[in-house]
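Residue strings, one per chain:
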Amino acid sequence: MKIFDPVPEGSQPERRYAGYVSTALRNPRQPLVLMPQTLSELTGPVYGHGPIGETDNDLTKHCADEPQGERIIVSGRVLDEGGRPIPNALVEVWQANAAGRYRHANDNHPAPLDPNFIGAGRTLTDGEGRYSFITVKPGAYPWRNHYNAWRPAHIHFSLFGTSFLSRLVTQMYFPADPLFPYDPIMQSIPDEKARERLISSFDLENTRPEWALAFRWDIVLRGRDATPFENKP
Amino acid sequence: MKYNGKDFVATGSQTVGPFFHIGLVHGENAGRLAGPEAQGEHIRLAIQVFDAEGAGIPDAMIELWQADSNGKYNHPDDPQQKKPDPAFRGFGRLPSDKQGKMVFETVRPGRVPGVDGALQAPHINVHIFSRGVLRHVSTRIYFAGDPANAEDAILRIVPAARRDTLMARPDPQQPGTWKIDFHLCGERETVFFNV
């Protein structure tokens, strides 16, 4: 069983964030009701997913041919708040293609669809909490939140940890994107360090010569082991 | 190794955005928490999600997690001796349609231990995700008219005037279907929890 501390101030987005217009009508105005954690919150769907296919984590192999764009490797570890790896965690991703277009009926950005790219993948972390995906670098794309609004390139991540409380849906960004300061979705997180933790780092070690660049991104889910293991005085 | 818990802060949440269907919605059975063989009272749970202006939200996604009809979670940390129902999955996930609606198939959950070991009233745990929601909101579904509601420790924390927002009610038109509306904002705003 894990214990769950309150979320540190400023490390999570403001629910109602003026810069992101759609938040105004879709988030509570009343304060959240503080409640104790019970078995209902401390358990979660650890056996709920279907079987994972061998190429589910290689988004370049889901069609007849390879997709257009810059092939990349994205890998990292899933940890708890005690820094311990979370094995067998389901990691799901989805993203735009290299031109910044999603394969989705509601995406009307006039950029080309790629017949060889769907943009969805999933995997389970290994015994050390490691995950890895092969994909193409997604393009930036426009949205209508404000005049000339562009989203920085990102990959959507969805994670189940060990309980319903550790559930996380977030986005991974790429280093040194000039769009960061103009993106209200990223800027909705007040703490600068917390924002920076959403940015992957260039990963020379995992780059495959003559084949693909690599990026590294570690993810921390709420909760840590109940057994005290802090260093004692 | 020096881990004090503060060195590893939980990663910040970001919205699922409008295109989550690509990655998170696959499999026609995603809204079925209970197989046909599952024990207990089989029900359909019809949910509709609304914004502050009372418009149905067409790009929301809901996840449910609940105990089986015997009050057992299919999870290694549930310390109760009883065995989980093998025909019961306990987890479901569905996107909303154009009106903000979706229908789950499940069984009415049993009672599970809660604060200080006292049994909780039957309930289903809920996460709601959507474009415009940067950090998912969490709530619970209870069953209107269940005598156990009166003694539920979590319901007692909720201001009496707002408890009704957590109650599913039988649909008089469709026997076996329970309905609940979630209002993310506004006059009839659903109670959301900080856990």
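Residue numbers restart at each chain and count upward from 1, following the sequence in its written direction. Chains carry letters and ligands carry numbers; both start at the beginning, A for chains and 1 for ligands, and go up in the order they are written. Given that the model is predicted, a residue must reach a pLDDT of at least 70 before its local features are reported, and side-chain atom pairs must reach 80 or more before they are shown or counted; all residues, however, enter totals for whole chains, interfaces and linings.

*Asks:* Give me the sheet that holds strand β10 (residues 168–173) of chain A: which residues, what numbers.
*Replies:* All names here are of chain A. In short, DSSP must find at least two bridges between two strands for them to pair. Put simply, DSSP marks the helices as runs of H or I at least four residues long and the strands as runs of E at least two long, and each gets a number from the N terminus on. Strands sit in the order β5-β4-β9-β10 across an open sheet of four strands; the sheet is antiparallel. Each of the sheet's edge strands pairs with one partner strand only, and the pair in question is β5 (120–124) and β10. The average angle at which neighbouring strand axes cross in this sheet is 25 degrees, direction not considered. For strand β4 (residues 90–95) and β5, the ladder comprises five bridges, and the chain directions are antiparallel. Residue Val93 lies in a different strand from β5, and its bridge partner there is Gly121. Only the contacting stretch of a helix is used when fitting its axis, a line to C-alpha atoms as for every element, and angles between N-to-C directions run 0 to 180 degrees.

*Asks:* How would you sum up the environment of Arg163 of chain B? Please name residues and give values.
*Replies:* Residue and element names in this part refer to chain B. Tracing the backbone through its elements, the reader meets Arg163 in the loop between α2 (153–157) and β7 (167–170). Here the alpha-carbon distance between Arg163 and Lys101, two residues 62 residues apart in the chain, equals 22 Å. We call two residues in contact when their backbone-placed C-beta atoms lie within 7 Å. Beyond its immediate sequence surroundings of up to four residues, Arg163 is in contact with Leu155 and Val158.

*Asks:* Would you mind going over the interface of chain B and chain A in detail, with residue names and values included?
*Replies:* The partner chain A presents 73 residues to the 64 residues of chain B that form the contact. If you list the elements that add at least two residues to the side of chain B that touches chain A, you get α1 (21–24), β5 (123–130), α2 and β9 (193–194) of chain B. Per element, the largest residue contribution to the side of chain B that touches chain A is five residues, and it comes from β5 of chain B. In the side of chain B that touches chain A, the residues fall into 31 nonpolar, 23 polar and 10 charged. Across two bridges, the pairing between strand β2 (residues 33–34) of chain A and β9 of chain B is parallel. In this count, Pro and Cys sit with the nonpolar residues alongside Ala, Val, Leu, Ile, Met, Phe, Trp and Tyr, while Asp, Glu, Lys and Arg are called charged and the others, Gly among them, polar.

*Asks:* Go over the confidence of the model for chain B with me, naming the residues and quoting the values.
*Replies:* Should pLDDT be low for a region, the predicted coordinates there are not to be read in detail. Residue and element names in this part refer to chain B. Mean pLDDT for chain B: 94, with 96% of residues reaching 70 or above. pLDDT expresses how confident the predictor is about each individual residue, on a scale running from 0 to 100. For the stretch residues 1–5, pLDDT sits under 50, and the model shows 10 contacts to residues farther than four places along the chain or on other chains. The ipTM value of the predicted complex is 0.95, and its pTM value is 0.96.

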